Amino acid sequence: MAYWLMKSEPDVFSIDDLKRKKKEAWDGVRNFQARNYLRSMAVGDQVLFYHSSCAVPGIVGKAKVSKPAFPDPTQFNPDSDYYDPTSPPDNPRWSAVEVAFVSKLKAPLTLDELKTIEALSSMPLVKRGNRLSVMPVSSAEWAAIAARTAS
DNA sequence: GCCAACGTTGGC
DNA sequence: GCCAACGTTGGC
């Protein structure tokens with residue numbers, strides 16, 4: 001069982017959206033490193049849900065992986081923002097997973113706060129200029145975050 | 001809205 | 001295979 005952190009813009013898809021829908025395909029990832037992380041996920045892996053590009057970026061809830069990686073259908077959909085005409089149908093370039101809602105935090109653990117936690121100092125998340133939208137979380141990092149959150 | 005940082009593309 | 005240009009991410 002592994003831990004992950006996944007970013008989403010709340011204007012596009014928020015923790016409240018996931019809570020309401022229970023499950024959601026996590027598609028649209030178009031970065032090779034993030035894609036490789038998606039492909040290494042297993043059902044039951046735990047996920048920190050992070051809101052990015054918003055007034056108060058931070059961890060807002062938890063989810064878990066409910067389906068392992070499958071070809072991201074949006075890459076073959078010409079009407080999708082994520083359409084990728086260069087992806088070979090017999091060897092799809094992009095993957096998605098399905099995640100299920102677990103909990104919403106009573107209060108977000110803000111990026112400002114995350115930056116002050118020594119145990120998290122090597123996470124790409126807290127590094128300036130970081131753009132990785134899916135990243136692994138170590139058990140020590142998970143524990144440090146869990147110690148500061150209530151759901 | 002701005003801009004720094006980064007990944008990707010494409011010319012050579 | 002290098003690297004400049006470009007587009008995107010994401011904090012502020």
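Residues numbered from 1 in each chain as written. Chains lettered and ligands numbered in written order. Predicted model: local features only at pLDDT ≥ 70, side-chain atom pairs only at ≥ 80, totals over all residues. Heavy atoms only, no water.

Trainee: Lay out the protein's contact with DNA strand C with the relevant residues and their values.
Mentor: Within the structure, DNA strand C sits among K7, Y50, S52, S53, P57, L111, K115, N130 and R131. In DNA strand C, atoms within 4 Å of the protein come 75% from sugar and phosphate. Here a phosphate oxygen of DNA strand C and a side-chain polar atom of K7 are 3.1 Å apart. In the environment of DNA strand C, a base oxygen lies 2.9 Å from a nitrogen or oxygen atom belonging to the side chain of R131. Residue composition of the surface near DNA strand C, by class: three nonpolar, three polar and three charged. (Near = heavy atom within 4 Å. Polar contact = N/O pair within 3.5 Å; in protein donor to acceptor, adjacent residues only side chain to side chain. Nonpolar A, V, L, I, M, F, W, Y, C, P; charged D, E, K, R; others polar.)

Trainee: Now, about the pattern of salt bridges: what can you tell me, with residues and values included?
Mentor: The final tally for this structure, using the stated rule, is six salt bridges. Close ionic contact of D17 with R20 constitutes a salt bridge, the shortest N to O distance being 2.8 Å. Here R20 and D17 lie together in helix α1 (residues 15-21), a separation of three residues that amounts to about one turn. Among the ionic pairs, K21 bridges to E24, the shortest N-O distance being 2.8 Å. (Salt bridge = Lys/Arg side-chain N within 4 Å of Asp/Glu carboxyl O. Helix = DSSP H or I, 4+ residues; strand = E, 2+ residues; numbered from the N terminus.)

Trainee: Let's hear about the sheet that holds strand β4 (residues 58-71): which residues, and what values?
Mentor: Strands sit in the order β2-β5-β4-β3-β1-β6 across an open sheet of six strands; the sheet is mixed. At either margin of the open sheet sits one strand with a lone partner, and together these are β2 (23-26) and β6 (134-137). Each strand of the sheet is rotated relative to its neighbour by a mean of 35°, with strand direction disregarded. Relative to strand β3 (residues 46-51), strand β1 (residues 3-8) runs parallel, the two being bridged by six bridges. (Pairing = 2+ DSSP bridges. Axes fitted to C-alpha atoms, helices over the stretch in contact; angles between N-to-C directions.)

Trainee: How would you explain the layout of surface pockets if you had to name every residue and give the values?
Mentor: Taken as a whole, the largest pocket spans an internal volume of roughly 720 Å³. Residue lining of the largest pocket: 28 residues in total, with K7, S8, E9, S52 and S133 positioned closest to the centre. Counting only elements with at least two residues in the lining of the largest pocket, the list comes to β1 and β2. Partitioned by chemical class, the residues of the lining of the largest pocket number twelve nonpolar, seven polar and nine charged. (1 Å grid on protein atoms, 1.4 Å probe; cavity = no way out; pocket = protein on both sides within 12 Å on 5 of 7 lines; lining within 4 Å. Points joined across faces, edges and corners; volume = space filled by probe spheres on them.)

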